[in-house]
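# Observations on the model geometry
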Amino acid sequence: LGFGYILVEAATIYRCRALLQDEVQTLLTALPMLLAWATIGSLNAKRFASWTPLPLVGLLVLGFGTHVLLLDILPFRSPELWVRYVVLALALLPGGLLLGLLMPLGLQRHQEPGDALLFDCVGTLLGAALMLPLCFYLGITGTLYTGLSLLVLAAFALPKATMGAP
């Protein structure tokens with residue numbers, strides 16, 4: 001999960017820079033917005049815990065598809081900074097919610113949540129280390145799609161835990 005999450009996060013923030021037209025401002029604005037939406041997604045993950053994988057994958061494809069489409073329309077020009085902030089917050093909404101939703105669902109499907117967190121941390125560090133080479137090789141959009149694919153696979157590849165899961 002961590003590997004995919006960091007790739008999606010980085011590619012998303014990179015694609016947002018055209019809207020705010022400043023790399024530092026984009027990082028300082030888009031990252032907290034994305035994390036805020038992810039927090040709300042995590043808090044609502046229990047609502048989706050009983051769903052079977054097929055409807056969940058459908059939700060993820062629809063939600064992340066919307067995320068990508070909204071990122072594609074971001075480079076519009078508005079002289080008002082507050083308008084660009086509102087557009088950015090709305091564009092990050094579907095992807096952020098789903099990013100937050102995946103972590104609790106992935107942990108629920110693992111027999112040993114402590115091990116899952118360790119693998120998630122290692123994946124995040126590995127993703128951070130490989131992010132730049134992947135962006136050069138696959139491009140930003142390819143890196144975004146790779147991260148999204150890894151997230152879905154990681155969250156649903158493991159069978160549901162029978163006991164001891166959160």
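In case you missed it, the structure is sitting above this.
Report on the accompanying structure.

### Observations regarding a nonpolar patch on the surface
Where nonpolar side chains cluster on the molecular surface, the patch consists of Trp82, Val86 and Leu90 and spans about 330 Å² of accessible area. When you line up the elements, Leu90 lands in helix H4 (residues 81-108). You can call Leu90 exposed: its relative accessible area is 51%.

### As for the packing of aromatic side chains
Counted by the stated rule, this structure contains 0 aromatic pairs. Over the aromatic face of Tyr14 sits the side chain of Arg17, whose NZ or CZ is 3.9 Å from the ring centroid.

### A few points about the environment of Leu74
Relative to the assigned elements, Leu74 resides in the loop between helix H3 (53-72) and H4. Apart from residues no more than four positions distant in its own chain, Leu74 is found in contact with Arg15, Cys16, Leu19, Val87, Leu88 and Ala91.

### Re the packing of helix H1 (residues 2-20) against helix H2 (residues 23-43)
For the pair H1 and H2, the least separation of the axes is 9 Å and the interaxial angle reads 130°. Looking at the two axes, H1 sits oblique to H2. The two elements H1 and H2 meet at a crossing, and its hand is right-handed. Here Tyr5, Glu9, Thr12, Ile13, Cys16, Arg17 and Leu20 of H1 come into contact with H2, specifically with Glu23, Gln25, Thr26, Leu27, Thr29, Ala30, Leu31, Leu34, Leu35 and Ala38. Per-class residue counts for the contact of H1 with H2 are 10 nonpolar, 4 polar and 3 charged.

### As for H1
With 19 residues, H1 should reach 27 Å at 1.5 Å per residue; the first-to-last C-alpha distance of 27 Å fits that figure. Immediately downstream of H1, the backbone of Gln21 shows phi near 60°, a positive value.

### Looking at the environment of Met33
For Met33, the location among the structural elements is in helix H2. On the basis of relative accessible area, Met33 is assigned to the buried category, the value being 18%. Sequence separation of Met33 and Leu92 is 59 residues, and the distance between their C-alpha atoms is 7.2 Å. Discounting residues that sit within four places of it in the chain, Met33 has contacts with Tyr85, Leu88, Ala89 and Leu92.

### Some thoughts on the packing of H1 against H3
It is the contact of H1 with H3, at a shortest axis distance of 9 Å, that shows an interaxial angle of 30°. Looking at the two axes, H1 sits roughly parallel to H3. Every residue of H3 that contacts H1 at Thr12, Arg15 and Cys16 is listed here: His67, Val68, Leu71 and Asp72. Class assignment of the residues belonging to the contact of H1 with H3 gives a composition of 3 nonpolar, 2 polar and 2 charged.

### Some points on the nonpolar core
The biggest cluster of nonpolar side chains holds 30 residues, and the ones touching the most others in it are Cys16, Phe64, Leu74, Leu88, Leu92 and Leu144. Taken together, the elements giving at least two residues each to this core come down to H1, H2, H3, H4 and helix H5 (113-156). With 9 residues, H4 is the single largest residue contributor to this core. Formed by 5 residues, the second largest nonpolar core is a distinct cluster that contains Phe3, Ile6, Met131 and Cys135.

Calculation criteria
- Residues numbered from 1 in each chain as written.
- Predicted model: local features only at pLDDT ≥ 70, side-chain atom pairs only at ≥ 80, totals over all residues.
- Heavy atoms only, no water.
- Patch = residues over 30% accessible without salt bridge, like charges linked within 9 Å, V, L, I, M, F, W, Y side chains within 5 Å.
- Areas by Shrake-Rupley, 256 points an atom, 1.4 Å probe, with all protein chains shown as cover.
- Salt bridge = Lys/Arg side-chain N within 4 Å of Asp/Glu carboxyl O.
- Helix = DSSP H or I, 4+ residues; strand = E, 2+ residues; numbered from the N terminus.
- Buried < 20%, exposed > 50% of the residue type's maximum accessible area, 1.4 Å probe, protein only.
- Phe/Tyr/Trp six-rings, centres within 6.5 Å; stacked < 30°, edge-to-face > 60°.
- Lys NZ or Arg CZ within 6 Å of the ring centre and 35° of its normal.
- Contact = heavy atoms within 4.5 Å.
- Axes fitted to C-alpha atoms, helices over the stretch in contact; angles between N-to-C directions.
- Parallel < 35°, antiparallel > 145°, perpendicular 65-115°, else oblique.
- Left-handed = near helix turned anticlockwise from the far one by under 90°.
- Nonpolar A, V, L, I, M, F, W, Y, C, P; charged D, E, K, R; others polar.
- Expected span 1.5 Å × (residues − 1).
- Core = buried A, V, L, I, M, F, W, Y, C linked by side-chain atoms within 4.5 Å.

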